[in-house]
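One-letter residues, chain by chain:
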Amino acid sequence: MAIVFDCPFCGVNYRLKDEVGGKTATCKNPNCRKVIPIPMANGPVRPTKHTPADLDALAAAAFADEPAQKTAEATIEVTCARCDHRWMVEASREGKNVLCPECRNPNRVPTRKKDEKADWRTGGGPSMAKRETGMDREGAFGTAHMGGISDDTARKIVSERVEEEEPEERRKKLIKRGIITVVVLGVLGAGGYFAFKTRKEMKADASMVDAVKEVEDNASNDAKAMALIHRASGEHHALTAENDKDATAALNDLKLARNTIAAKPPDTAIDRNAILAEVTVSIAGLFGNAKEVEEGKRIEQKTLVREIRQTLQKIPPSETDILADAVRGLTRDFVKKDQAALAGDIVRQLNNSAELVGQVGLELLRLDKDKFRADAESLLTKTADADVPSVQALRMALGKQVQPKKGAEVAKKGAEGPRKGASEPPRVPAAAEAEAYALNGKFSEAKQTALGAGKAEDKLRAMTAAAQAAIDANPAEAMTMLEAAASLATKEAKGQGSPWVGVRLCRLLGKVGRYDLGESVAASLADDQAKAWARLEILRGRLGQLRTQNQKGDDGWLDPVGDPAKVAAAIKAREELARHNAAVGAGGEYQTTVKTWPKGTVRPFGMAGLVLGGLDREGK
C-alpha cells in the first residue's frame, strides 16, 4: 500500500512508501521548498489528478535534499482572505503572517484554542466574584471596556509582519514612503517659500504706496517731485508685473509722471527735459516679447510705442542733445530685449526723425559693430539722403559715400572766374566725423578732427562724441580723449554750448572713475540744474564702480549734487543711493538712515530706492 497526498503549500502530488509515514520532509518543488508532514499509511488518502510512473524514483527525488528524519509536526489550516485558497502550515507559525501560495497575499495563521484554567480576573470563576478593572488603584483610569493589545504585542506583530514580507515588497514600500515624504516636504517647503515671498512683496508694495502718498500729501512739493515719485512707482510696477493688469498700472504711473512734469514745468527746462528722458527709458522697460503679450503678461507693443513717442514729443525738437541721450538709452534697453531696431522705428515719426534715427544706428555700432552692422545699414536706407550730422557720421562709420549738403553752392576759381551752381564738396560736422573715426578704430584721426574744429564748443562736442564711441572698445584711448574734453570744458568752452554735452561728459568721466575731472566739468556749467544733473552722473559712476565690488555708497556724496528743494537731480540722487545700498545687501542697515531724512520731501525717495534696490538684488 502506498501513501498518496498533495503538498499542502503548493499542491504537488506525492506517492510514497508506507515506511515514511508520520515523518516530515522538504517539498521537492523549487518554488515551494516547505517542510511538509507525511501522513500515516493508514490515514485518509486524497484522490490525485495524476499518478507518477516510477514511485520509488519519485520518492527518492522528493527527499534527496533533506532526509525525512523529523517527526510529524502539527499543522493548522489557513484560508486566504483574498482568493479563499486553503492550505496547511506548521503549528509553530501560529499567529504569524504567511503568504498565500496562490495569490501571495499575506495572511495571519489562526491561533489554536487552548484549555486554560478558569481565572476570576479574566471572566472565569464564580459569577459573583469581584473583577479587577484597574479603578481600585488610586489615580488609575478604568479600562474595563477597552479592547486592543499591549504596545509590546503590537510591536512584536509589526516586527513579525515585516520579517514575513518578501524583500521586493519591502523595498517597494520603502520607496513609496520615501517618495511621499519628499513630496510632502517639498509642498511644505514651497508653501513656506511662497508665503514668505508673498509677505515680502506685500511689504515692498506697501512701502512704495507710502512713499507716493508722502509726496502727494506734502503741499510744498512741486511738479518735479511728483513726477519723480510716480516714475519710481511705475518702474516698481513694471519690474513686478505678472500680467497685463500690472503692466497697465505701471504705464499709468509713468504717464502720470510725464503729464505732471509736462503740464507744470519747473523754472527752467533742464529739469523738465531730464525727467521726461528718464520717463521715456522707464516706459521701455514695459516691453515684452510676442509670447508674453499673447499670454496676457505684457501690454501690446503698439500701445507702448505710442506712449514713448508722446513722451519724446514733450521735449522740444531743438533740444537735440537730450533727445539723443534718451534715444541712445532706448536703444541699449531694446538691445537687451533682442529688439535692436525698435528704437529706430519709434523715432521715425518724430519731427527730427533723421537725426534720431542716425543716433540709433551709431549707438548700435558702438555696442557691437559686427553684430548690428546689418541693422545700422537698414536704418541708413530709411533716412533717404538726409545730411544731418548723425546720419553723416553713420555713413562714414559704415564706409558709405558721404552726401553733399543740399542746395549748397561753391565758387570755383579758374580762367573764367568764379562759377556758381556746382555742388559743394561734402562738409561733415567735426563731431560726426570724429565719432565715425573712433567707431572705426582711427583714434588719432578722431582726436585731430576734434581739435581742428572751429569753435571751442564744437571741439568739446566732437571730443566727447569720439570718447563715447571708444570707451568700451579702447578704454585707454578713450581716457586721453576724456582728459582733453575736460580741459576744453573747463578752459576754452567754459559755460558755452549745450549743457547736455557737459552732462554727457560727466557721465563718461564717472564711468572711468575720474570723479575729480567730472566735478571740474560740472562746476564749469552755467546753470545750477545742469550742474546737479552732471553731478548725478558722477554719483552714478561711483555707484557703478562699487556695485562690481558689492560695497555700499557714502552719504557724503549726496550734498554736492545740490539742494533737493531746488533741483530735481538732488532728489533723484537720494533714490539712486538708497537703491544701490539695497542692491548690495545693505538695505536693512540703510533703512535706518533713510528714516532720518525729512518726511514728505526726500525720505519718500529713499523708501522708493530701497524697494527698487531690493528688486535689483533679486535680479528683477
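Before reading further, recall that the structure is shown in the block above.
Bear in mind that the values here come from a model prediction, so they are computed numbers and not experimental data.

## Describing the environment of I275
- Here I275 shows up in helix α6 (residues 269–284).
- Each residue touching I275, except ones within four places of it in the same chain, is listed here: K224, A227, L228, I261, W533 and A568.

## Observations regarding unusual backbone geometry
- Phi at D84 takes a positive value of approximately 65 degrees, unusual for a residue other than glycine.
- For D84, the location among the structural elements is in the loop between β6 (75–79) and β7 (86–90).

## Structural notes on the pattern of salt bridges
- In the structure shown here, the tally under the stated rule is 34 salt bridges.
- One salt bridge connects R328 with D325, and the closest N-O pair in it is separated by 2.5 Å. Of this pair, R328 and D325 both sit in helix α9 (residues 320–336), three residues apart, which is roughly one turn of the helix.
- We classify D325 as buried; its relative accessible area is 12%.

## Overview of the pairing of strand β1 (residues 2–6)
- Counting buried positions along β1 gives four out of five residues, so the element sits mostly inside the fold.
- Alignment of β1 against strand β2 (residues 13–17), held across five bridges, turns out to be antiparallel. Bridging across to β2, A2 finds its partner in K17.
- Linking β1 back to β2 in an antiparallel pair, the connection comprises six residues, with G11 at a positive phi of about 85 degrees.

## Observations regarding the packing of helix α14 (residues 430–439) against helix α16 (residues 456–470)
- Close contact between α14 and α16 brings their axes to 8 Å; oriented N to C, the two are set at 20 degrees. Overall, the two elements α14 and α16 adopt an arrangement that is roughly parallel. Crossing hand, α14 versus α16: right-handed. In contact with A430, A431, A434, E435, A438 and L439 of α14, α16 contributes R461, A462, A465, A466 and A469.
- Across the contact of α14 with α16, the residue classes break down as nine nonpolar, no polar and two charged.

## Overview of helix α19 (residues 515–524)
- All of the buried residues in α19 are Y515, L517, G518, V521, A522 and S524.
- Of the surrounding secondary structure, the elements contacted by the buried residues of α19 are α17 (475–492), α18 (499–511) and α20 (528–549).

## Topic: the side chain of K459
- For K459, the location among the structural elements is in helix α16.
- Residue class for K459 comes out buried when judged on its relative accessible area of 17%.
- What K459 contacts, discounting residues up to four positions off in sequence, is A450, L451, A453, G454, L488 and E492.

## Section: the nonpolar core
- I308, F334 and W533 are the most contacted members of the largest nonpolar core, which has 134 residues in total.
- In this structure, I308 is in contact with T280, I283, A284, F287, L330, F334 and I346, ignoring residues within four places of it in sequence.
- Formed by 20 residues, the second largest nonpolar core is a distinct cluster that contains I3, I38, I76 and V109.

## Brief notes about helix α23 (residues 603–617)
- Its 15 residues place the ends of α23 21 Å apart at the C-alpha level, agreeing with the 21 Å of an ideal helix rising 1.5 Å per residue.
- With 12 of 15 residues buried, α23 is to be regarded as a mostly interior element.
- Taken together, the buried positions of α23 are occupied by R603, P604, F605, G606, M607, A608, G609, L610, V611, L612, G613 and L615.
- Remark: G619 follows α23 within two positions and exhibits a positive phi of approximately 85 degrees.

## Structural notes on the environment of A456
- Mapped onto the elements of the fold, A456 is located in helix α16.
- Given the relative accessible area of 14%, A456 is considered buried.
- Expressed as a C-alpha distance, the spacing of A456 and L488, which sit 32 residues apart in the sequence, is 7.0 Å.

Conventions used here
- Within each chain, residue numbers correspond to sequence positions counted from 1 in written order.
- Note on the predicted model: pLDDT of at least 70 is required for a residue's local features to be given, and 80 or more for side-chain atom pairs to be given and counted; whole-chain, interface and lining totals, by contrast, use all residues.
- Hydrogens and water are ignored here; the side-chain numbers use all heavy atoms of the structure.
- We count a stretch as a helix when DSSP gives it H or I for four or more residues in a row; a strand needs E for two or more, and each element gets its number in order from the N terminus.
- For this analysis, residues touch if any pair of their heavy atoms sits within 4.5 Å.
- We define a salt bridge as a side-chain nitrogen of Lys or Arg found within 4 Å of a carboxyl oxygen belonging to Asp or Glu.
- Burial status follows relative accessibility: with a 1.4 Å probe on protein chains alone, a residue under 20% of its type maximum counts as buried, one over 50% as exposed, and anything between as partly exposed.
- Here, any two strands with at least 2 DSSP bridges between them count as paired.
- To obtain an axis, a line is fitted to C-alpha atoms, over the contacting stretch when the element is a helix, and the angle between two such axes runs from 0 to 180 degrees between their N-to-C directions.
- Each angle gets one of four labels, with under 35 degrees taken as roughly parallel, over 145 as roughly antiparallel, 65 to 115 as roughly perpendicular, and the rest as oblique.
- A crossing counts as left-handed when the near helix is turned anticlockwise from the far one by less than a right angle, and as right-handed when that turn is clockwise.
- Asp, Glu, Lys and Arg are counted as charged, while Ala, Val, Leu, Ile, Met, Phe, Trp, Tyr, Cys and Pro are counted as nonpolar; the rest, among them Gly, fall into the polar class.
- By convention a nonpolar core is built from buried Ala, Val, Leu, Ile, Met, Phe, Trp, Tyr and Cys residues, the set being connected through side-chain atoms within 4.5 Å.
- Helices are assigned an expected span. That span is 1.5 Å times one less than the residue count.

Purely geometric stuff here, so don't read any function into it on its own.
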